[in-house]
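Letter by letter, the chains look like this.
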Amino acid sequence: MNDRIPELASELASEISKELKADIKKLGKKTFRMGGVHPEGNKFAHSADVVTFPLPDQAVVYMTQHLGAPATPIVQKGDKVKVGQLIGEAQAFMCANIHSPISGTVNRIDMIADITGYKKPAIVIDREGDEWDESIDTTPDIIRDIKLNKEEIIARMKDRGIVGLGGACFPTHIKYMLKPEQKCEYLIINAAECEPYISTDNRVILERTEQCMIGIECALIASGASKAIIGIENNKPRAIAALVDAAKKFTNIEVQPLQMKYPQGAEKQLIKAITGRSVPNGALPISVGCIVNNITTMYVLYQAVQKNKPIVQAYTTVSGKSMKKEDCKIFRLRLGTPIRDVLNTVGIPEDTGKIIAGGPMMGKAISNLDAYIAKGMGSLLFMNEKESKRGRQYPCIRCGKCVNGCPMGLESTLLATLAQQQKWEECEKNGIMNCIECGSCSFICPANRPLTDYIRVGKAKTGAMIRARNAK
């Protein structure tokens, strides 16, 4: 699966002590059983240090950097703002606060196109320095003693605008707002980073190991769980070693290496691999006593709880096959930075066919390069002309590869056909709402059918039908 296995093995042998390697070997490797595929790893930025990108002269801060309703602007044109100051307030249940990534003057509040080309509400700020809000601790000191209780940590998640940084940007505090009858037994930390090309989590682990562990402790307090288990694919030997070594200081945090298989980092697959528990169709992880969070989310949670720092920056892998290895970077970017500035810094390869926000399996093609960095933008990927063009489509030959590859056990080719025929009731009966849109069926189809695209449309239409029916 991974084109760097020999290099990674050498890295493991040369930099990790015999004792630590023995400890890691005892942990074994787990994975989910049903389905999954093996795309090339292409972790070209695997060894790249995180580089701080220059501050933008003007930041465009979208009010929709999370799953749910847009935040409501609470500043006006001409207002002075500082870094970390609240500028967009969450006024709906499914929403997240937005904070200023730079200090300066609010230029305007406007509708500005994001990477999809659709205009979204945004606040434009002209930078006049880098003055932080006085309530935020900006020192590099690591604060180990956690002074907040369960309710205070959950409140801090909400106040500081913490969202999941694995891609979905789900408001984190909502996961921890459990009903009286719900109990969390396991806090599962997703460090799998199974999407090809992306190395963001890997570098955050290596450069901020202790802060990540303290963040996990904060999440344990918030969840009430007795144990946290970090799931990480075994193509990250140095990160595994760093976590295993750090976990020795914590009695309630364990590390579980995982086999390399996509989509190892999907919630249901990760829970199955680590705990053996199966999340029922239509249910949430808490139904089997689990909460799942991304490892970089744990780092920003540490910053929120221990430093009172909101999310004002993104960690972004910039990579691609046509780039020189030394040009593949991981940037620390302030939110609202123009994407063009990032692309121009590394240089757009001449044979670029598409630029993807995210990974090649679940990322989105950027249709508007005049958009701006948002919270969940963990990767910018250059796909060359050959990669970006779909192969010639052929009729389905009933080979069953899409069925074997589906981690949810769905008949992908049937669902795609039903979606094309607009048979939404049949789509529902055949489980289309259980699709996690991982792209495994399209990846493995020898007929080059865009199965995931058909299913995604069918899922949206079927969901609308179900909501309309339930509203009657």
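Residues numbered from 1 in each chain as written. Predicted model: local features only at pLDDT ≥ 70, side-chain atom pairs only at ≥ 80, totals over all residues. Heavy atoms only, no water.

What the rule picks out here adds up to 24 salt bridges. With a shortest N-O distance of 2.5 Å, Glu210 and Arg144 are connected by a salt bridge. Pair noted here: Glu210 is in helix H6 (residues 209-223) and Arg144 is in the loop between strand S8 (119-129) and helix H3 (150-159), with a separation of 66 residues, a long-range link. The class of Glu210 is partly exposed, set by a relative accessible area of 26%. The network of salt bridges with common partners includes Arg390, Glu437, Asp453, Arg456 and Lys459. (Salt bridge = Lys/Arg side-chain N within 4 Å of Asp/Glu carboxyl O. Helix = DSSP H or I, 4+ residues; strand = E, 2+ residues; numbered from the N terminus. Buried < 20%, exposed > 50% of the residue type's maximum accessible area, 1.4 Å probe, protein only.)

The strand order across the open sheet built from six strands is S1-S14-S13-S17-S15-S16, with neighbouring strands paired in mixed fashion. In this open sheet, the two strands that pair with only one neighbour each are strand S1 (50-52) and strand S16 (364-365). In the packing of helix H5 (residues 200-207) onto the sheet, contacts are made with S1, strand S13 (313-320) and strand S14 (329-334), and the angle to S13 comes to roughly 125 degrees. (Pairing = 2+ DSSP bridges. Contact = heavy atoms within 4.5 Å. Axes fitted to C-alpha atoms, helices over the stretch in contact; angles between N-to-C directions.)

The buried fraction of strand S11 (residues 253-258) is high, at five of six residues. Pairing analysis gives six bridges linking strand S10 (residues 227-233) to S11, with the strands arranged parallel. Within S11, the position partnered with Ile230 by the bridge is Val255. Handedness of the β-α-β unit built from S10, helix H7 (residues 237-247) and S11 comes out right-handed. (Right-handed = clockwise from strand over helix to strand, strands pointing away.)

Moving on to the packing of aromatic side chains. Each pair of aromatic rings is reported with the distance of its centres and the angle of its planes. On inspection of all chains with the given rule, the structure shows four aromatic pairs. For the ring pair Phe53 and Phe331, a centre distance of 5.2 Å and an interplane angle of 75 degrees mean the geometry is edge-to-face. Taken as a pair, Phe53 in the loop between S1 and strand S2 (58-62) and Phe331 in strand S14 lie far apart in primary sequence, 278 residues in all. Look at Phe53 and you get buried, because its relative accessible area is 8%. Above the face of the Phe32 ring, Lys261 is positioned so that its terminal group lies 4.3 Å from the ring centre. (Phe/Tyr/Trp six-rings, centres within 6.5 Å; stacked < 30°, edge-to-face > 60°. Lys NZ or Arg CZ within 6 Å of the ring centre and 35° of its normal.)

Attention now goes to the side chain of Lys261. Counting through the fold element by element, Lys261 comes out in the loop between S11 and helix H8 (267-275). At 9.2 Å, Glu233 is the nearest oppositely charged side chain to Lys261, a buried residue that forms no salt bridge. A distance of 2.7 Å separates a polar side-chain atom of Lys261 from the backbone oxygen of Phe32. (Lys, Arg positive; Asp, Glu negative; His and termini not counted. Polar contact = N/O pair within 3.5 Å; in protein donor to acceptor, adjacent residues only side chain to side chain.)

With an omega of 5 degrees, the peptide bond between Tyr262 and Pro263 qualifies as cis. Within the element layout of this structure, Pro263 appears in the loop between S11 and H8. The phi dihedral of Tyr197 is positive, around 75 degrees, even though this residue is not glycine. With respect to the secondary-structure elements, Tyr197 resides in the loop between strand S9 (186-190) and H5. We note that Gln422 has phi near 60 degrees; this positive angle belongs to a residue other than glycine. Mapped onto the elements of the fold, Gln422 is located in the loop between helix H13 (412-420) and helix H14 (424-429). On the accessibility criterion, Gln422 (55% relative accessible area) is exposed.

Let's shift gears to the environment of Ala447. Among the secondary structure elements, Ala447 is positioned in the loop between helix H15 (440-444) and helix H16 (451-471). Distance from Ala447 to Arg398, taken between C-alpha atoms, is 9.9 Å for residues 49 residues apart in sequence. Other than its neighbours up to four places away in sequence, Ala447 contacts Arg392, Gln393, Tyr394 and Pro395.

Summarising the element assignment, Cys218 is placed in helix H6. Residue classification places Cys218 among the buried residues on the basis of a relative accessible area of 0%. A sequence separation of 201 residues divides Cys218 from Ala419, and the C-alpha atoms of the two residues are 44 Å apart. For Cys218, the residues in contact, after removing those within four places along its chain, are Ile146, Ile153, Leu301 and Val305.

A few words on the packing of helix H2 (residues 18-27) against H7. When two helices pack together, you describe them by how their axes are tilted relative to each other and by the distance separating the axes. Running from N to C, H2 and H7 cross one another at 95 degrees; their axes reach a closest spacing of 10 Å. Our classification of the angle between H2 and H7 gives roughly perpendicular. Between H2, through Leu20, Asp23, Ile24 and Leu27, and H7, the contact on the second element is made entirely by Ile240, Ala241, Val244 and Asp245. (Parallel < 35°, antiparallel > 145°, perpendicular 65-115°, else oblique.)

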